[in-house]
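# A structural walkthrough
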Amino acid sequence: AGAAASPSGGGPPSDFSRLRSAVFEKHVKQKLAVAVEHFNKDPKKGLQYLQAARLMPLLAGSPAAKAAAEAGTHAGPRDVMGEDDLAVVLGRFLRVCPGLDKDAIGELLGEPAEFYIKILEAYTRSFDFRDPAVTFDAGIRLYLESFRLPGEAQKIDRIINAFGRHYFNENTARNIFRSADAAYVLAYSVIMLNTDQHNKQVGSKGGGKAGWVFFSGGWDSCVIMLTTTNSHADDAHPAARCLRRCRS
């Protein structure tokens, strides 16, 4: 009979190794639960806790990274990342981590600082809109169901801009829009339309009985505007069908 494999060998893991892995996993889950609680109270402080707990890489050149380097606490090259790489990690974290408050996610995604805009872009790119079955209205619904839009108009604008660019870039072959700006305009208009339709406090500023009219020409690929009739709508265009479905 051959000798039993050592814990460091290529054989099956020992009971001790499995126990150690289970304890480590439980410890990480406990720290992650605390991080989620911090994030839901204050998203920025939640991210700081993730880094302090070594659940998230530090930003290269930051005071925390410099202090960790001086203390010799870096465990490897992935403990510190540049802005672009760290933004991708954080964007993915916001997308997949269970328990995160949707309002808190939306507030963070709408922040104006360049680093947070990179997080927004990374978060948005985690959505796959290339499937022809994912229509424009289905895509924006999928996107907006993953968080709640903040109340500030500038934050909403940044978020919807990111969606419009990403949807356009993933669907250039389908020729739905001629530019990312056109996708952004339609996305923003759909949000306004739904707000007008479902929020009683808004009234009928979005058109009400006046209706929304879509013109498949003019400014870039589309111009969406208020008018007293919707008889000129180009029902053949996917974006026009999107508006019609959102109104029904």
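Read on for an overview of the structure. (Residues numbered from 1 in each chain as written. Predicted model: local features only at pLDDT ≥ 70, side-chain atom pairs only at ≥ 80, totals over all residues. Heavy atoms only, no water.)

## Details of the overall build of the protein
As a reminder, the rule being used: The helix count covers DSSP runs of H or I at least four residues long, the strand count covers runs of E at least two residues long, and both are numbered beginning at the N terminus. Burial classes follow relative accessibility: with a 1.4 Å probe on protein chains only, a residue under 20% of its type's maximum area counts as buried, one over 50% as exposed, and anything between as partly exposed. Note on definitions: a residue-residue contact is assigned when non-hydrogen atoms from the two residues lie within 4.5 Å. Accessible surface area values rest on a Shrake-Rupley calculation with a 1.4 Å probe, where residue burial reflects the displayed protein chains alone.
Of the regular secondary structure elements, the protein holds ten helices and four strands. Secondary structure elements in the protein, listed N-terminal to C-terminal, are α-α-β-α-β-α-α-α-α-α-α-β-β-α. Buried residues in the protein amount to 37% of all 248 residues. In the protein, the proportion of contacts linking residues at least 24 apart, taken out of those at least 6 apart, comes to 54%. Just so you have it, the protein exposes about 14200 Å², and 55% of that area is on carbon and sulfur atoms.

## Focus on the pattern of salt bridges
Note the following rule: Salt bridges are defined as contacts in which a side-chain nitrogen from Lys or Arg sits within 4 Å of a carboxyl oxygen from Asp or Glu.
Scanning the model with the defined rule gives 14 salt bridges in all. Note that Asp-103 and Arg-148 form a salt bridge whose closest N and O atoms lie 3.7 Å from each other. Remark: Arg-148 occurs in the loop between α7 (136–144) and α8 (153–170) and Asp-103 occurs in helix α5 (residues 102–109); sequence separation between them is 45 residues. Linking Arg-130 and Asp-128 is a salt bridge whose minimum nitrogen-to-oxygen distance equals 2.9 Å. For Asp-128, a relative accessible area of 43% gives the class partly exposed. Here the residues in one salt-bridge network are Lys-44, Glu-107, Glu-111 and Lys-155, joined through shared partners.

## As for the packing of aromatic side chains
Basically, it comes down to this: Pairing of aromatic rings covers Phe, Tyr and Trp, the last through its six-membered ring, and needs centres within 6.5 Å; plane angles under 30 degrees mean stacked, over 60 mean edge-to-face, and all others mean tilted.
Within this structure, the stated rule accounts for 16 aromatic pairs. On the basis of an interplanar angle of 55° and a centroid distance of 6.5 Å, the ring pair of Tyr-123 and Tyr-143 is categorised as tilted. Separated by 20 residues along the polypeptide, Tyr-123 in helix α6 (residues 114–125) and Tyr-143 in helix α7 bring together distant segments of the chain. For Tyr-123, a relative accessible area of 1% gives the class buried.

## Quick look at the packing of α5 against α6
Here is the rule we go by: All axes here are fitted lines through C-alpha atoms, helices being fitted over the stretch that makes contact, and every angle between N-to-C directions spans 0 to 180 degrees. Geometric relationships in this document are graded by angle, where less than 35 degrees denotes roughly parallel, more than 145 denotes roughly antiparallel, 65 to 115 denotes roughly perpendicular, and other angles denote oblique. Three classes are used: nonpolar for Ala, Val, Leu, Ile, Met, Phe, Trp, Tyr, Cys and Pro, charged for Asp, Glu, Lys and Arg, and polar for all others, with Gly counted as polar.
It is at 8 Å that the axes of α5 and α6 come closest, and there the two elements cross at 120°. The orientation of α5 with respect to α6, classified from their angle, is oblique. Note on element contacts: α6 touches α5 through Tyr-116, Ile-119, Leu-120 and Tyr-123, opposite Ile-105, Leu-108 and Leu-109. For the contact of α5 with α6, the per-class residue count stands at seven nonpolar, no polar and no charged.

## Re the side chain of Lys-155
Quick note on the threshold: In protein, a polar contact means a hydrogen-donor-capable atom and an acceptor-capable atom, both N or O and within 3.5 Å, with residues adjacent in sequence counting only if both atoms are side-chain atoms; elsewhere, any N or O pair within 3.5 Å suffices.
Relative to the elements of secondary structure, Lys-155 occurs in helix α8. Here Lys-155 falls in the buried class, since its relative accessible area comes to 8%. Among the polar contacts listed, one links the side chain of Lys-155 to the side chain of Glu-107, at a separation of 2.7 Å. Excluding its chain neighbours within four sequence positions, the residues that come into contact with Lys-155 are Glu-107, Gly-110, Glu-111 and Pro-150.

## A look at unusual backbone geometry
Residues other than glycine seldom take positive phi values, yet Arg-54 does so here, at roughly 60°. Structurally, the position occupied by Arg-54 is in the loop between α2 (43–52) and β1 (58–59).

## Describing the nonpolar core
Stated precisely, the cut-off is as follows: What we call a nonpolar core is a set of buried Ala, Val, Leu, Ile, Met, Phe, Trp, Tyr and Cys residues that are connected through their side-chain atoms within 4.5 Å.
With 47 residues, the main nonpolar core has Leu-94, Leu-109, Tyr-143 and Phe-177 as its most contacted residues. Going through the elements one at a time, α1 (15–41), α2, α4 (83–96), α5, α6, α7, α8 and α9 (180–198) are the ones with two or more residues in this core. Sorting elements by how many residues they give to this core places α9 first, with eight residues. Filtering out sequence-adjacent residues up to four positions away, Leu-94 remains in contact with Phe-39, Leu-100, Ile-105, Leu-108, Leu-109, Ile-119 and Tyr-123.

## Some remarks on the packing of α6 against α8
Rules: Left-handed describes a crossing whose near helix is turned anticlockwise from the far helix through less than a right angle; right-handed describes the clockwise counterpart.
It is at 10 Å that the axes of α6 and α8 come closest, and there the two elements cross at 45°. By the angle class used here, α6 and α8 are oblique. As for how α6 packs across α8, the hand of that crossing is right-handed. From α6, Ile-117, Leu-120, Glu-121, Thr-124 and Arg-125 reach across to α8, where they touch Arg-158, Ile-159, Ala-162, Phe-163, Arg-165 and His-166.

## A few points about α4
Cut-off, in case you're wondering: Helix span, as expected, comes to 1.5 Å for every residue beyond the first. Taken from the helix axis, the directions to the C-beta atoms give the arc we talk about.
A rise of 1.5 Å per residue sets the reference length of α4, with its 14 residues, at 20 Å; its end C-alpha atoms lie 20 Å apart and thus fit the reference within 8%. Of all the positions in α4, only Leu-86, Ala-87, Leu-90, Gly-91, Phe-93 and Leu-94 are classed as buried. Buried residues of α4 fall within an arc of 160° about the axis and therefore sit on the same side. Looking at the buried side of α4, the elements it contacts are α1, α2, β1, β2 (80–81), α5 and α6.

## So, the environment of Lys-66
Along the chain, the position of Lys-66 falls in helix α3 (residues 63–71). Residue class for Lys-66 comes out exposed when judged on its relative accessible area of 52%. Along the primary structure Lys-66 and Val-80 are separated by 14 residues, whereas in three dimensions their C-alpha atoms are 9.9 Å apart.

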